[in-house]
Amino acid sequence: MKFERYGIGIAKGLSVTIRHLLRRPVTTQYPEQRLNTSRRIRGNELIWDREKCTGCATCAKTCPQGVIHIVTSVSIEENKYKVEKFEVDTGYCIFCGLCVEACPYEALFMGYAYERARYRRGELVLAEEGLLASDERKPSGYAHPEIAATLPKQTLLLDKDRGKR
Amino acid sequence: MTMAALPPDWPGGFWLHWGVFVVVIFVFVMATIMGFIWFERRAMAIMQARLGPNRAGPFGVLQPVADGIKVMLKEDIVPAKGDKVVHWLAPVVAFVPALMIFAVVPFQGGAILADLNIGILYIVAISSVTTVGVFMAGWASNNKYSLLGAMRQVASVVSYEIPVVLSIVGVVLLAGSLSMQQIVMAQDIPFILLQPLGFLLFFIGALAEINRAPFDLMEADSEIVAGFHTEYSGMKFALFYLVEYGEALAISAIVTTLFLGGWRGPLLLPWLWFLIKVILVFFVIVWIRTTVPRIRIDQLMALAWKFLFPLALINLIITAVEILVWPAGSLWVLVPINIAVMIVLVLLWSRFFKLGWGKVEV
């Protein structure tokens, strides 16, 4: 005799739902509460390091979307390339991370932040100054384990102290 | 109509009483419906590990107000090929009876708009009129989903009215009166203990009559969009929304009055007891909504005619026999007997219960 048919099934279900009254909600109220993302997130398009960049244009060649525009000039006195223009149309970026992996001088990073919404398409085209690292645009640990080690651990919905941040 | 339950020192007499209570009931119903909308959304959210509305006002209590303002600003759309007059009339026909039920609900001794000597019969009669409004809405919308939802509603109300009324008769037999006030007065032992099976049947049937989950298949969004109010927007939709919660409030109040001893209880004020019990019953309704999945139309019909109806008849016969042969004054002995009878009957009938000539097992 299966008692599930005699109302026990409904009673079991009712006890499950009533126990949820004591459970913490899993909702994160986004603008006020944020979760830490993965440390290796391919978040904000690109972070560019002006000092390390040699203007070799490897990134522009690997980019499957062809959105990296780099213009260099030769400086005779210093005997090296000078980067005149480094421009990324991030509206077309697919976050594949190939440019970061390809850069032979580790001058490119994926970003750790993720809020990229803009009002105009033109604002998505980032040039030299806009691509530099800042407090809002930290590099993520993608393809850079030494950076990943410095970032906070990812928080999951199940974590207890989640609501406090 | 008897006015016997009025306190003799009531100032002003009949018309003042009438005026005051119409206002009180209207305010009470509107405020409680608002509260219930908020309460249901919050309670359901917590049971589903969510937060629910918490932006408008403290803990989101103003959410129903915000919803109301939003819905009133919406465009009122009438289907081009719909029956325009009926479409306009349907929400009113559905809403007014839901409000009229509260005329005979006693909030405490004497605090009642009209202590009809046929109070519960009046409720049974008037609450069915809401269905006419729903059917008008389904018909006038000129939409297959609306009509299907309305047909389901009519079918379910016609079927479930019978077990509901039969279980009410059990209560009336015990109380010896149809007046809501007298029924509460008679409950030295709450009738949920003397009529456990009747309570179960009444509660299930009532859930089906007011389209609450798991019997909300007349507005099953997964199959027929929104049922009868698919083509409604703006204030008309708001009225249907109010009907839904008004009926839930009415059923909570009726269950409280018939089975839970109405306003009676120790220590606290009578009307506070009434309110606490109403909210408790409503919480159970919400609880069931979060738990039980929606059933099919054939299951709905089978449950009414093969399960609730025979059990209601048996319950009525048992109650009648008990009242005839049982000596007065020892009703407490009946409580364990009736609970045992309920368990045996429910188990037995669950064993018999089959869908579609028994070819499909539940």
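Everything quoted here is computed from the prediction, not taken from an experiment.

Honestly, the overall build of chain B in this entry has me stumped. Any pointers?
Looking only at helices and strands, one finds 14 helices and zero strands in chain B. The C-alpha atoms of chain B give 21 Å as radius of gyration, which agrees with the globular expectation for 362 residues (21 Å, within 12%). Seen along its three principal axes, the alpha-carbon backbone of chain B occupies a region of about 65 × 65 × 40 Å. Long-range pairs, those at least 24 residues apart, make up 77% of the contacts in chain B with a sequence separation of at least 6. Carbon and sulfur atoms make up 75% of the accessible area of chain B, which amounts to about 16,300 Å² in all. Across chain B, the mean location of the 21 positive side-chain charges is 8 Å away from that of the 20 negative side-chain charges.

Honestly, the packing of aromatic side chains in this entry has me stumped. Any pointers?
The description of an aromatic ring pair rests on the distance of the ring centres and on the angle between the ring planes. Residue and element names in this part refer to chain B. Tallying each qualifying case throughout the model produces 16 aromatic pairs over all chains. Three or more aromatic residues joined by ring pairs make a cluster, and in this case those are F36, F39, F282, F283 and W287. Cation over ring: R212 sits above Y245, and NZ or CZ is 5.6 Å from the ring centre.

What exactly am I supposed to notice about helix α6 (residues 144–175) of chain B here?
One turn of an α-helix holds 3.6 residues; hence residues three or four places apart share an orientation. Residues and elements named next belong to chain B. The first and last C-alpha atoms of α6 sit 45 Å apart over 32 residues, in line with the 46 Å expected at 1.5 Å per residue. Approximately 30 degrees is the largest bend angle found in α6, and it occurs at E161, with the proline P163 only one to four residues beyond. One side-chain oxygen of the residue at the start of α6 lies 2.7 Å from the amide nitrogen of Y145, identifying that residue as N143. Two residues or fewer past α6, G176 is found with a positive phi of approximately 75 degrees.

What am I meant to see in the interface of chain B and chain A here?
Interface size is commonly expressed as the accessible area that is lost once the parts come together. Listed per partner, the contact involves 18 residues of chain B and 16 residues of chain A. Taken together, the two surfaces of chain B and chain A that pack against each other cover about 1,600 Å², and 64% of this comes from carbon and sulfur. A per-residue breakdown of the area chain B buries against chain A is headed by B:A49, B:L51 and B:W287, which together make up 29% of the total. Linking chain B to chain A there are one salt bridge. For B:R55, the salt bridge identified is with A:E32, shortest N-O distance 3.1 Å. Our enumeration of links across chain B and chain A arrives at seven residue pairs in polar contact (both at pLDDT 80 or more). At the level of elements, α1 (14–47), α12 (270–291) and α14 (334–352) of chain B are the ones that each hand at least two residues to the side of chain B that touches chain A. Class assignment for the residues of the side of chain B that touches chain A results in ten nonpolar, four polar and four charged.

I'm lost on the sheet that holds strand β2 (residues 68–75) of chain A in this one. Help?
Pairing between the strands of a sheet is mediated by backbone hydrogen bonds and can be parallel or antiparallel. Residue and element names in this part refer to chain A. Spatial strand order, β2-β3-β5: three strands in an open sheet with antiparallel pairing. The sheet terminates laterally at β2 and β5 (125–126), the two strands that pair on one side only. As judged from the two bridges shared by strand β3 (residues 80–89) and β5, these two strands associate in the antiparallel manner. Among the inter-strand pairings, V88 is bridged to a residue of β5, identified as L126.

How do you make sense of the confidence of the model for chain A when you look at a structure like this?
Overall, the prediction assigns chain A a mean pLDDT of 83, with 93% of residues at 70 or greater. By mean pLDDT, the top-scoring element of chain A is helix α2 (residues 58–62) of chain A (91), and the lowest-scoring one is helix α4 (residues 128–131) of chain A (83).

Whenever I open this one, the nonpolar core confuses me. Can you help?
Most often, soluble globular proteins keep nonpolar side chains buried together rather than apart. One finds B:F202 and B:L258 to be the most contacted residues of the largest nonpolar core, which totals 101 residues. For this core, the leading source of residues is helix α11 (residues 234–259) of chain B, giving 14 residues. When sequence neighbours within four positions are dropped, the list of residues in contact with B:F202 reads B:V164, B:S167, B:I168, B:I254, B:V255, B:L258 and B:F259. Grouped together as the second largest cluster of nonpolar side chains are 21 residues, A:C59, A:I68, A:F86 and A:A107 included.

Help me out: how do you make sense of the pairing of β2(A) in this one?
Looking down a regular strand, the side chains alternate between one sheet face and the other. Note that β2(A) and β3(A) share eight bridges and pair antiparallel. Paired with A:V74 across the bridge in β3(A) is A:Y81.

So what exactly am I meant to see when it comes to empty space enclosed by the protein here?
In this approach a probe as big as a water molecule rolls over the atoms, and the regions it shows empty are the leftover space. Residue and element names in this part refer to chain B. Counting across every chain of the model gives seven cavities of 30 Å³ or more. As a volume, the largest cavity reaches approximately 190 Å³. If you go around the largest cavity, you meet 19 residues; those closest to its centre are I123, S127, E209, I251 and I254. Listed by contribution, the elements that provide at least two residues to the lining of the largest cavity are α4 (119–127), α5 (129–140), α6, α9 (196–209) and α11. Considering each element in turn, the lining of the largest cavity owes the most residues, five residues, to α6. For the lining of the largest cavity, the per-class residue count stands at twelve nonpolar, four polar and three charged.

Looking at this model, I keep getting lost on unusual backbone geometry. Mind explaining?
In most cases, non-glycine residues show a negative phi, while peptide bonds are predominantly trans. Residues and elements named next belong to chain A. Positive phi, normally seen in glycine, also occurs at F95, with a value near 55 degrees. For F95, the position within the fold is in the loop between β3 and α3 (98–102). Despite not being glycine, E106 shows a phi value in the positive range, around 55 degrees. On the basis of relative accessibility, which here comes to 42%, the residue E106 falls in the partly exposed class.

Just to check I follow, could you spell out the side chain of B:D216 for this structure?
Inspection of the secondary structure puts B:D216 in the loop between α9 and α10 (221–224). Once residues lying within four places of it in the same chain are set aside, the contact partners of B:D216 are B:N211 and B:R294.

About the cut-offs
- Residues numbered from 1 in each chain as written.
- Chains lettered and ligands numbered in written order.
- Predicted model: local features only at pLDDT ≥ 70, side-chain atom pairs only at ≥ 80, totals over all residues.
- Heavy atoms only, no water.
- Helix = DSSP H or I, 4+ residues; strand = E, 2+ residues; numbered from the N terminus.
- Rg over C-alpha atoms; globule rule 2.2 N^0.38 Å.
- Contact = heavy atoms within 4.5 Å.
- Areas by Shrake-Rupley, 256 points an atom, 1.4 Å probe, with all protein chains shown as cover.
- Lys, Arg positive; Asp, Glu negative; His and termini not counted.
- Charge placed at Lys NZ, Arg CZ, Asp CG, Glu CD.
- Phe/Tyr/Trp six-rings, centres within 6.5 Å; stacked < 30°, edge-to-face > 60°.
- Lys NZ or Arg CZ within 6 Å of the ring centre and 35° of its normal.
- Expected span 1.5 Å × (residues − 1).
- Bend = angle between axes of the 7 residues up to and from the residue.
- Polar contact = N/O pair within 3.5 Å; in protein donor to acceptor, adjacent residues only side chain to side chain.
- Buried area = accessible area lost by both parts, 1.4 Å probe.
- Salt bridge = Lys/Arg side-chain N within 4 Å of Asp/Glu carboxyl O.
- Nonpolar A, V, L, I, M, F, W, Y, C, P; charged D, E, K, R; others polar.
- Pairing = 2+ DSSP bridges.
- pLDDT = per-residue confidence, 0-100.
- Core = buried A, V, L, I, M, F, W, Y, C linked by side-chain atoms within 4.5 Å.
- Buried < 20%, exposed > 50% of the residue type's maximum accessible area, 1.4 Å probe, protein only.
- 1 Å grid on protein atoms, 1.4 Å probe; cavity = no way out; pocket = protein on both sides within 12 Å on 5 of 7 lines; lining within 4 Å.
- Points joined across faces, edges and corners; volume = space filled by probe spheres on them.

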